[in-house]
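One-letter residues, chain by chain:
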Amino acid sequence: MSLDTSLSKPHERLAQLLADDLAQVNALIRERMASKHAPRIPEVTAHLVEAGGKRLRPLLTLASARLCGYDGPYHTHLAATVEFIHTATLLHDDVVDESAKRRGRPTANLLWDNKSSVLVGDYLFARSFQLMTETGNLRVLRILSDAAATIAEGEVLQLTAAQDLSTTEAIYLQVVRGKTAALFSAATEVGGVIAARPEDEVQALFDYGDALGIAFQIVDDLLDYWGGDATGKNVGDDFRERKLTLPLIKAFAAADEEERAFWKRVIEKGDQRDGDLEHALALLNRHGALEATRQEALAWAEKARAAMGRLPSGEMRDLLIDLSDYVVSRVS
């Protein structure tokens, strides 16, 4: 990986390079999350938006637009749109998952209530559509509105697949494409569209975002069992919440009758006892599920790298390639 250790991580270097653009995005976010009549909206939104997140998705939009030579005003609108969609989904997710913490802080639904979180999320979705229409680009509107629909579809699919041990890797990938990769690919694709680049470059940007988002989510799911990363998650959180992620799907597919009975008890029935997490980890290692999952993450990162290689060379492209390497370095 071509990271200079004397500098920061790839997303931090992107933020440095795009500092002026990012400042405009942040100002736009603060302006558009305001409400004259409902002060709770900026209170709830600010709690999440200003919680110290990486702004990864809007950075992808800014970087893609600049990589494509865009010099107009609307890449900041699109970056803010992407962040609003992302924030809205987080507010809704925390209600659905009954989460108490996000990025190490109490969730909005815990500090206020579920109704406030859902309604403020709806408000942010509406704001995102207002922002994207201001570009006057119908294709941009289609890409981002399609992404919003795909995200919702992925979340519903995840609900129906939850605790269902018959869930296949294909369904898992469909869920990941919905809940994570759809917004990554939309974020990168609109950068090329707003810059009016040729179709092969727009497709390359979409392919990069899609592969990066899938690698990102697979790594996140792997780290729940792998550990050793500053994600704010404890080892085994997904296991305790009975989430059916790729490592477990692989282990169940390779399990014998006794092992399948264990997985059915702890995941489908939710009957978890002392020592079950340790036994689950042993089974994951016995069948090589963790290493196989890691190899899939690496393969998707390589697809992201290959897609970016189809775009014009330069510092921005190199940083985006470094970002795909960095995502999977957390489990290397």
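Everything discussed here concerns the structure shown above.
Parameters at a glance
- Each residue is numbered by its place in its chain's sequence as written, counting from 1.
- Totals for whole chains, interfaces and linings use all residues, but because this is a predicted model, local features are given only for residues with pLDDT of at least 70 and pairs of side-chain atoms are given and counted only at 80 or more.
- Calculated side-chain values reflect all of the structure's heavy atoms, with hydrogen atoms and water omitted.
- Secondary structure follows DSSP: runs of H or I at least 4 residues long count as helices, runs of E at least 2 residues long count as strands, and numbering of each begins at the N terminus.
- A 1.4 Å probe rolled over the protein chains alone gives each residue an accessible area, and that area as a share of the maximum for its type sets the label: buried under 20%, exposed over 50%, partly exposed in between.
- Whether two residues are in contact is decided by their heavy atoms, any of which lying within 4.5 Å being enough.
- Reported accessibility uses the Shrake-Rupley method at a 1.4 Å probe radius. Residues are deemed covered only where the shown protein chains occlude them.
- Multiplying 1.5 Å by the helix residue count minus one yields the expected span of that helix.
- Throughout this description, the term salt bridge denotes a Lys or Arg side-chain nitrogen within 4 Å of a carboxyl oxygen of Asp or Glu.
- Throughout this description, a polar contact denotes any pair of N or O atoms lying within 3.5 Å of each other; where both atoms belong to protein, one of them has to be capable of donating a hydrogen while the other can accept it, and for residues adjacent in sequence the pair is counted only when both atoms sit in side chains.
- The criterion for an aromatic pair is that two Phe, Tyr or Trp rings (for Trp, the six-membered ring) have centres within 6.5 Å, with stacked assigned to planes under 30 degrees apart, edge-to-face to planes over 60 apart and tilted to the rest.
- Counted as over-ring charges are cases with an Arg CZ or a Lys NZ within 6 Å of the ring centre that also lie within 35 degrees of the ring normal.

Trainee: Go over the overall build of the protein chain with me, naming the residues and quoting the values.
Mentor: Across its full length, the protein chain carries 16 helices and two strands. Here the protein chain holds 332 residues, and 52% of them are scored as buried. By sequence separation, contacts in the protein chain at least 24 residues apart represent 74% of the contacts at least 6 residues apart. When the accessible surface of the protein chain is split by element, carbon and sulfur atoms take 50% of a total near 14700 Å².

Trainee: Hey, could you go over helix H10 (residues 199–226) for me, with residue numbers and the actual values?
Mentor: An ideal rise of 1.5 Å per residue puts 40 Å on 28 residues; H10 measures up with 39 Å between its terminal C-alpha atoms. Most of H10 is tucked away, with 20 of its 28 residues classed as buried. Two residues or fewer past H10, glycine 227 is found with a positive phi of approximately 75 degrees.

Trainee: Now, about the pattern of salt bridges: what can you tell me, with residues and values included?
Mentor: For the structure shown, the criterion picks out 19 salt bridges. Close ionic contact of arginine 240 with aspartate 237 constitutes a salt bridge, the shortest N to O distance being 3.1 Å. Remark: aspartate 237 and arginine 240 occur in helix H11 (residues 237–240); sequence separation between them is three residues, near one turn of the helix. Of the residues examined, aspartate 237 reaches a relative accessible area of 18% and is grouped as buried.

Trainee: Account for unusual backbone geometry, naming residues and giving values.
Mentor: Unusually for a residue other than glycine, glutamine 163 sits at a positive phi of about 60 degrees. Among the secondary structure elements, glutamine 163 is positioned in the loop between helix H8 (138–161) and helix H9 (169–194). Even without being glycine, arginine 242 reaches a positive phi, approximately 60 degrees. Counting through the fold element by element, arginine 242 comes out in the loop between H11 and helix H12 (246–253).

Trainee: Tell me about the side chain of threonine 135, and name the residues and values.
Mentor: Here threonine 135 lies in the loop between helix H7 (114–133) and H8. Threonine 135 gets classed as buried once you look at its relative accessible area, which sits at 10%. Within the local environment of threonine 135, its side chain forms a polar contact with the backbone oxygen of methionine 132, the two atoms lying 2.8 Å apart. Ignoring anything within four residues of it in the chain, the contact list for threonine 135 reads Tyr74, His77, Leu78, Val140 and Ile194.

Trainee: Break down the packing of aromatic side chains for me, citing the residues and quoting the values.
Mentor: Counting across every chain of the model gives two aromatic pairs. Where phenylalanine 184 meets phenylalanine 216, the ring centres are 5.4 Å apart and the plane angle is 45 degrees; that geometry is what we call tilted. Taken as a pair, phenylalanine 184 in helix H9 and phenylalanine 216 in helix H10 lie far apart in primary sequence, 32 residues in all. Residue class for phenylalanine 216 comes out partly exposed when judged on its relative accessible area of 22%. Aromatic pair phenylalanine 262 and tryptophan 263: ring centres 5.2 Å apart, planes at 65 degrees, arrangement edge-to-face. Owing to a relative accessible area of 7%, phenylalanine 262 belongs among the buried residues under this scheme. Seen from the ring of phenylalanine 252, arginine 260 lies directly overhead, with NZ or CZ sitting 4.3 Å from the centre.

Trainee: Outline the environment of leucine 284, listing residues and values.
Mentor: Note that leucine 284 resides in helix H14 (residues 276–286). For the pair leucine 284 and lysine 250, spaced 34 residues apart in sequence, the C-alpha separation works out to 8.2 Å. Leaving out residues up to four positions away in the same chain, leucine 284 has contacts with Tyr225, Pro247, Leu248, Ala251, Trp263, Ala289 and Leu290.

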